[in-house]
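Observations on chain architecture
Here is what each chain is made of, one letter per residue.
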Amino acid sequence: MNLTHLFDRSLIGRRDTAALEWRARVFTFGELDERSNRLARLLAARGLGAGDRLAIYLANSIEWIDLYLAAVKLGVIVVPVNILYRGREIAHILSDAEPAAVVAGDAAASAIESARPLWDPAQMTEEAARFPPDRLPAALEGNAPAALVYTSGTTGPSKGAILTHDNFAANTLTLLAAWQIADIDRFLLALPLFHVHGLGNGLHCWLASGCRMRLLERFEWQTAAETFLNFRPSLFFGVPTMYVRLVQIAPEAAREIGGFMRLFVSGSAALAPQVLEEFRARFGHTILERYGMSETLMICSNPYHGERRAGTVGLPLPGVEVRLAEGEIQVRGANLCAGYWRRDEATRAAFADGWFRTGDLGECSPDGYYTLRGRRSDLIISGGFNIYPREIEEFLEEQPEVAEAAVVGRADALRGEAPVAYVVLKSAVEGAELARRCREKLASFKTPREFHNLDRLPRNAMGKVQKHLL
């Protein structure tokens, strides 16, 4: 089985059903099928075939969807490129993946310095319209690579995780069952398609379920309430920074939105427990937190039915095995990537007897709920004591004056390392006062030695704090 078989449940089985709302136009699944068939023929005419790579450097758009479906049908490996990346970061990915071409719009083309052919999506759509709408035959195995998704590279050069058709299919079918996603849902997607959250969860669950989706180019909090009230979705996937903004929606609008919504999901970064509580009070919904990675897709999820426990990422998903080894979360299952692209040494280092080493530190409750305690690389060792920054961050974010917090280690001549806190404030408070509260509730060695106020924490496109910049 490959992804085309999974998507055909909708592309063929629901041909005449409204599928996608994009910029005030509605496309049926049959129209999307024919658009991508024509584009697949264009790619083939330009010399692309199974195993070739195609880099996509585009914001969310119907062209992104067309290209992805065309590539999946041909066996071409998609290389999504973060649209926030610039010359140096893009050059690394293109040098490593060696795509046959890069698809980028005029506005973004200036950021790309490459000998690779640069194709314009609008011109491709126009040219593809001249090709027949029927599908090209392609024989693909489930273990064929579907995408190279590059890691954020916060601890070194980013690596391309090889995600196969089987990886994506297993993840999709698991989420459809776990979150009860069906064709009757109305799905609002504002996550970027260049990330596995938007692609492997969002796009794939939409296509496999056959629900109706409205795609946004980006999340705009100023118009979020209007968008929800206009489309009236039942399903929304977001990251914590989106939910921080959504709790600012007026109570009356929030209550109305909560009335037609079925499920809010959060991932890609830790959701502060107080945001979950504020959201529940305002919208009448408990956000469902889950946990995954580029290399593994989804690992854990709080239950759809049952306790959604604040501060945890829930239970291992069906078909996914999880264990703790010296505090590190390790995973195995059909969701695991096939390794890193052309990085045999990195692949060997990442796997231990079939288990993938996530690099995430965690704890497991007696009843099986997992809680993340930060990255192994974030661990601070001060005077021989282990300090998990997430514990301090959660305490600081409980303070009424603090909107967000990040704790990192800095070199200390006496202790080896010492914790330092960076905070975004809602209202004025002195660092000395925050230190006093920390000393009251935490061990003395966990109290940050310094507090620095920032207007915002540095984050990547998916909302993860870039601690290496701090």
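Residues numbered from 1 in each chain as written. Predicted model: local features only at pLDDT ≥ 70, side-chain atom pairs only at ≥ 80, totals over all residues. Heavy atoms only, no water.

1. Topic: the overall build of the protein chain
Stated formally: The secondary structure listing takes helices from DSSP runs of H or I that are at least 4 residues long and strands from runs of E that are at least 2 residues long, numbered from the N terminus. As a reference, a globule follows 2.2 Å times the number of residues to the power 0.38, and the radius of gyration itself is taken over C-alpha atoms. Partly exposed describes any residue whose relative accessible area lies between the buried limit of under 20% and the exposed limit of over 50%, with all areas from a 1.4 Å probe on protein chains only and scaled to the type maximum. Only the protein chains shown count as cover for residues, and all accessible areas are computed by the Shrake-Rupley method using a 1.4 Å probe. Just so you know, the count uses Lys and Arg for positive and Asp and Glu for negative, and it drops His and the chain ends. Lysine's charge is taken at NZ, arginine's at CZ, aspartate's at CG and glutamate's at CD.
The secondary structure content of the protein chain amounts to 15 helices and 25 strands. A compact globule built from 470 residues would reach a C-alpha radius of gyration of about 23 Å, and the protein chain, at 23 Å, matches this within 12%. The dimensions of the protein chain, computed from C-alpha atoms along their principal axes, are 70 × 55 × 45 Å. Scored against the burial criterion, the 470 residues of the protein chain give a buried share of 56%. Summed over its atoms, the accessible surface of the protein chain is roughly 19,500 Å², and 49% of this surface lies on carbon and sulfur atoms. Side-chain charges in the protein chain split into 53 positive and 56 negative, and the spacing between the mean points of these groups amounts to 1 Å.

2. Observations regarding the side chain of R308
How we decide: The term polar contact refers here to a pair of N or O atoms within 3.5 Å; inside protein, the definition further demands a hydrogen-donor-capable atom paired with an acceptor-capable atom, and it admits residues adjacent in sequence only when both atoms are side-chain atoms. Residue contacts are defined here by distance: any two heavy atoms, one from each residue, within 4.5 Å place the two residues in contact.
Turning to its location among the elements, R308 is positioned in the loop between β14 (297-301) and β15 (315-316). There is a polar contact of 3.2 Å between the side chain of R308 and the backbone oxygen of P303. Contacts of R308, omitting those with residues within four sequence positions, involve L263, T286, I287, L288, N302 and P303.

3. Some details on the pairing of strand β24 (residues 416-425)
Our working rule: If DSSP finds at least two bridges between two strands, the strands pair.
Burial runs high along β24: seven of the ten residues are buried. Where strand β23 (residues 402-412) meets β24, ten bridges bridge the pair, whose relative direction is antiparallel. The partner of D412 across the bridge, within β24, is G416. Pairing analysis gives four bridges linking β24 to strand β25 (residues 450-453), with the strands arranged parallel. Across the sheet, residue V423 finds its bridge partner in β25, namely N453.

4. Some details on the side chain of N60
The residue N60 is located in the loop between β3 (53-57) and α3 (62-74) in this model. Exposure remark for N60: the relative accessible area of 3% places this residue in the buried category. Of the polar contacts made by the side chain of N60, one reaches the backbone nitrogen of L193; its length is 2.9 Å. A polar contact of 3.0 Å, which involves the side chain of N60, links it to the backbone oxygen of L216. Not counting residues within four places of it along the chain, the set of residues in contact with N60 comprises W22, A190, L191, P192, L193, L215, L216 and E217.

5. Points about the sheet that holds β25
What counts is decided by this rule: Geometry is summarised by axes, namely lines fitted to C-alpha atoms with helices restricted to the contacting stretch, and by angles between N-to-C directions that run from 0 to 180 degrees.
Ordered in space as β23-β24-β25, the three strands form an open sheet in which the pairing is mixed. Across the chains shown, the open sheet's two edge strands, defined by having one partner strand only, are β23 and β25. The average angle at which neighbouring strand axes cross in this sheet is 25°, direction not considered. Contacts from helix α14 (residues 389-397) reach β23, β24 and β25, with the element oriented near 145° to β23.

6. Observations regarding the nonpolar core
Put simply, the rule is: Think of a nonpolar core as a cluster: buried Ala, Val, Leu, Ile, Met, Phe, Trp, Tyr and Cys residues, connected wherever their side-chain atoms sit within 4.5 Å.
If you look at the biggest cluster of nonpolar residues, it comprises 112 residues, and the most contacted ones within it are L20, Y68, W206 and F264. Ranked by residues supplied to this core, first place goes to α3 with ten residues. Among all residues touching F264, those that are not within four sequence positions of it are F228, F236, Y243, I257, F279, F283, H285, I287 and L288. In terms of nonpolar packing, the next biggest core, distinct from the first, is built from 18 residues, I77, V81, A97 and I162 among them.

Don't take any of this as a statement about function, it's just geometry.
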